[in-house]
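These are the residues of each chain, in order.
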Amino acid sequence: MLRNLLPDLSPWKASADFRRLWKSGLISNFGSFLTFVALPVQLKDLTGSAAAVGAIGAVELLPLIVCGLYGGALADALDKRKLIVWTEAGQGLLSAVLLLNALLPHPAVWPLYVVAALSSALVSVQRPAHDSLWPRIVAHDDMPAAASLNSLRWTVGGVAGPAVAGVVVAYAGLGWAYAADLLTFALSLAYMARIAPSPAAAEAAKPDLKAVAEGARYAWSRKELLGTYAVDLAAMFLAMPLAVLPFLADDLHAEWALGLMYAALPAGALVVSLTSGWTSRVHRHGLMVVLAAAGWGLAVAAAGLCGNVWLVLLLLTVGGGFDMVSGVFRAAMWNQTIPDELRGRLAGIELLSYSVGPQLGQVRAGGTAAWAGVRASVWSGGLACAGAVGLLALCLPGLMTYDARTNEHAVRMRERRAAPGDAVTAQA
């Protein structure tokens, strides 16, 4: 029974490049979470404003949209590994800027917003390349397992990063958090340099507006994919509470628990990742996306209504677990049905669905907190999320009936990957 719950390690065992990509992402993700906590804490200390902290999402939004769509076209047209390496190096430079600003006698506020915007641009270019690289080096039937393992590395960094950041920021200072993030980018690049090149497909389109539009048309033709985007966008926009966590900790008279609050969501995701063996045996991926997104909203709503910090931490952990379940099955649907030559552009659209929501959600959470109070911002967003997901499920029957065994796109991709002459199969 326990063996059936443990993560399926088939992709890890079969592909050395997948192991290198996984380790690189784990290290980089850990460092990014240090800054993820340190940046809003520094803004809170400098401004004392929930709206100012929530505005981080606003300045990140436009770069995310523009660079996410164009980054997807770049990922299809260029060598994916090189694109990841250069954007990783750029993010390291931005961490250096944050470090220098933190070391000033009177740190400025404006560099925090500038770095947030530029970092959003680089991540938005990098993520489609990353998300379209690993399906090339993993066998088709191993993709659900690989999605779970990728979720595991995100959540390990998401648990350890905020927990360490809370201690580092409180006892050593913001500069140490930014310095550690800079170091992790250097280590990540060392692993990425050992991955084999991943050039564009022979039929790759030029990275222009026409190519972006082609990807958008394909996405529009796939209503079950549109359903995954819409559900995740609603869940993140309406229920993501991260922008107000520093103020929620104050409201609960538990400033010491801020790092734990940031770590609670990825901790729940980590529990799901460590017991994800069951996911490979589930085929109704769309149904699981809907149920998990609704569970996320209800858990966040309950956290907003509670006055006990330990119960809040538990509910946030439960919410993080539901969010991870949704993420695993979204990734499985995407990677088992999208053609390789369109994978980067669709990854760019996916990036918008799971990133624009949290960015706008920060603005929503901060604005609602300034108007109605911190806890009202959290519980009202969670309830709205559950309601919106239920409505989307009624409007998108294709999502609810999706089955990986019979869906025409999944069957076509399975047959294509099994063909002896397929270039992606050869790489994997």
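If you're wondering where the values come from, they're calculated on a predicted model, not measured in any experiment. (Residues numbered from 1 in each chain as written. Predicted model: local features only at pLDDT ≥ 70, side-chain atom pairs only at ≥ 80, totals over all residues. Heavy atoms only, no water.)

Visitor: It is not clear to me how the nonpolar core should be interpreted in this structure. Could you clarify?
Guide: Among soluble globular proteins, nonpolar side chains are generally buried collectively. Formed by 75 residues in total, the largest nonpolar core has its most connected members in Tyr-178, Leu-245, Met-261, Trp-296 and Leu-316. Looking at this core element by element, the count peaks at 10 residues for helix 14 (residues 309-337). The contacts of Met-261, once residues within four sequence positions are left out, are Leu-245, Leu-248, Ala-249, Leu-252, Val-309, Leu-313 and Leu-316. (Core = buried A, V, L, I, M, F, W, Y, C linked by side-chain atoms within 4.5 Å. Buried < 20%, exposed > 50% of the residue type's maximum accessible area, 1.4 Å probe, protein only. Helix = DSSP H or I, 4+ residues; strand = E, 2+ residues; numbered from the N terminus. Contact = heavy atoms within 4.5 Å.)

Visitor: What is the right way to look at the packing of helix 10 (residues 223-239) against helix 16 (residues 374-395) in this model?
Guide: When two helices pack together, their arrangement is captured by the angle between the axes and the distance separating the axes. Orientation of helix 10 relative to helix 16, taken along the N-to-C sense of each, is 165 degrees, at an axis distance of 8 Å. Taken together, the axis directions place helix 10 and helix 16 in an arrangement best described as roughly antiparallel. The two elements helix 10 and helix 16 meet at a crossing, and its hand is right-handed. Residues Ala-230, Val-231, Ala-234, Ala-235, Leu-238 and Ala-239 of helix 10 form the contact with helix 16, whose participating residues are Gly-381, Gly-382, Ala-384, Cys-385, Ala-388, Val-389 and Leu-392. When grouped by side-chain class, the residues that make up the contact of helix 10 with helix 16 number 11 nonpolar, two polar and no charged. (Axes fitted to C-alpha atoms, helices over the stretch in contact; angles between N-to-C directions. Parallel < 35°, antiparallel > 145°, perpendicular 65-115°, else oblique. Left-handed = near helix turned anticlockwise from the far one by under 90°. Nonpolar A, V, L, I, M, F, W, Y, C, P; charged D, E, K, R; others polar.)

Visitor: Please explain helix 12 (residues 258-274) as it appears in this structure.
Guide: Working note: α-helix, 3.6 residues per turn, so residues spaced by three or four point in the same direction. Between its first and last C-alpha, helix 12 extends 24 Å over 17 residues, near the 24 Å set by a 1.5 Å rise per residue. In terms of residue burial, helix 12 counts as a mostly covered element, since 13 of its 17 residues are buried. (Expected span 1.5 Å × (residues − 1).)

Visitor: Could you clarify how one ought to interpret the side chain of Asp-340 in this entry?
Guide: Tracing the backbone shows Asp-340 in the loop between helix 14 and helix 15 (343-372). A polar contact is formed between the side chain of Asp-340 and the side chain of Arg-136, at a distance of 3.2 Å. (Polar contact = N/O pair within 3.5 Å; in protein donor to acceptor, adjacent residues only side chain to side chain.)

Visitor: Looking at this structure, how should I read the state of the cysteines?
Guide: Simply put, the disulfide is a covalent bond whose two ends are the sulfur atoms of two cysteines. Per the counting criterion, the structure on display carries zero disulfides. Free cysteine Cys-306: the closest other cysteine sulfur is in Cys-385, separated by 17 Å. Assessed through its relative accessible area of 14%, Cys-306 is described here as buried. (Disulfide = S-S within 2.5 Å.)

Visitor: Help me understand the pattern of salt bridges in this model?
Guide: Note on pairing: side chains with opposite charge can pair once their charged atoms come close. Counting across every chain of the model gives 11 salt bridges. Asp-403 serves as the salt-bridge partner of Arg-405, at 2.8 Å between the closest nitrogen and oxygen. In this structure, a network of salt bridges that share partners links the residues Asp-76, Glu-214 and Arg-345. (Salt bridge = Lys/Arg side-chain N within 4 Å of Asp/Glu carboxyl O.)

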